[in-house]
Amino acid sequence: AVSRTRILATGGASHNKKILQVLSDVFNAPVYTIDTANSACLGSAYRAIHGLVAETNVSLADVVKLAPEPRLAVTPTTGAEELYRPLLKRYAELEQKVIYNPTSSC
């Protein structure tokens with residue numbers, strides 16, 4: 001099965017290919033960037049547009065289609081999934097332990 005997961009990186013770190021490569025490898029997903037400043041403001045603007053057209057039943061996905069097309073920055077390194085999959089599983093287990101029993105030691 002082909003995963004449809006992709007990461008959209010914005011902000012200062014999105015200009016650092018090494019950071020993007022780590023994200024791609026850990027989550028086994030391609031990382032895309034967009035050439036825009038103030039991405040948080042851009043996201044807020046799209047939410048505002050969505051709010052303005054909410055009575056017309058236009059989805060947020062349709063509003064966001066107006067966004068600049070993201071460009072592929074990096075793809076996962078071959079073999080990285082085998083390294084990170086067990087670590088992500090362990091991370092999720094520890095996270096659940098902290099959420100449901102915050103006083104226990106990990």
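Residues numbered from 1 in each chain as written. Predicted model: local features only at pLDDT ≥ 70, side-chain atom pairs only at ≥ 80, totals over all residues. Heavy atoms only, no water.

Looking now at the side chain of S14. Tracing the backbone shows S14 in the loop between β1 (7-9) and α1 (17-27). Taking relative accessible area as the criterion, S14 reaches 11% and is therefore assigned buried. Within the structure, the side chain of S14 is placed 2.5 Å from the backbone oxygen of G11, a separation counted as a polar contact. (Helix = DSSP H or I, 4+ residues; strand = E, 2+ residues; numbered from the N terminus. Buried < 20%, exposed > 50% of the residue type's maximum accessible area, 1.4 Å probe, protein only. Polar contact = N/O pair within 3.5 Å; in protein donor to acceptor, adjacent residues only side chain to side chain.)

Right, let's get into the nonpolar core. One finds I7, A9, L20, A29, V31, A73 and V74 forming the largest nonpolar core, which totals seven residues. Contributing elements (two or more residues each) for this core: β1 and β3 (71-74). Apart from the residues within four sequence positions on either side, L20 is in contact with A9, A13, S14, V31, T33, A73 and V74. (Core = buried A, V, L, I, M, F, W, Y, C linked by side-chain atoms within 4.5 Å. Contact = heavy atoms within 4.5 Å.)

What UniProt calls "domain: Carbohydrate kinase FGGY C-terminal" (unreviewed entry) maps, in this numbering, to residues 5-50. Secondary structure over residues 5-50 splits into 50% helix and 13% strand, and the C-alpha atoms at its two ends are 24 Å apart. (UniProt positions renumbered as here; feature names shortened; annotations may be inferred.)

A few words on the pattern of salt bridges. Tallied over the full model, the rule gives four salt bridges. The salt bridge partner of E81 is R85, with a shortest N-O separation of 3.3 Å. Here E81 pairs with R85, and both are found in helix α4 (residues 80-100), just four residues apart, close to one helical turn. E81 sits in the partly exposed class, given a relative accessible area of 30%. For E93, the salt bridge goes to R90, with nearest N and O atoms at 3.7 Å. Note that E93 and R90 are positioned in helix α4 at a spacing of three residues, about one turn of the helix. What emerges from the salt-bridge pattern is a single network uniting K89, R90 and E93. (Salt bridge = Lys/Arg side-chain N within 4 Å of Asp/Glu carboxyl O.)

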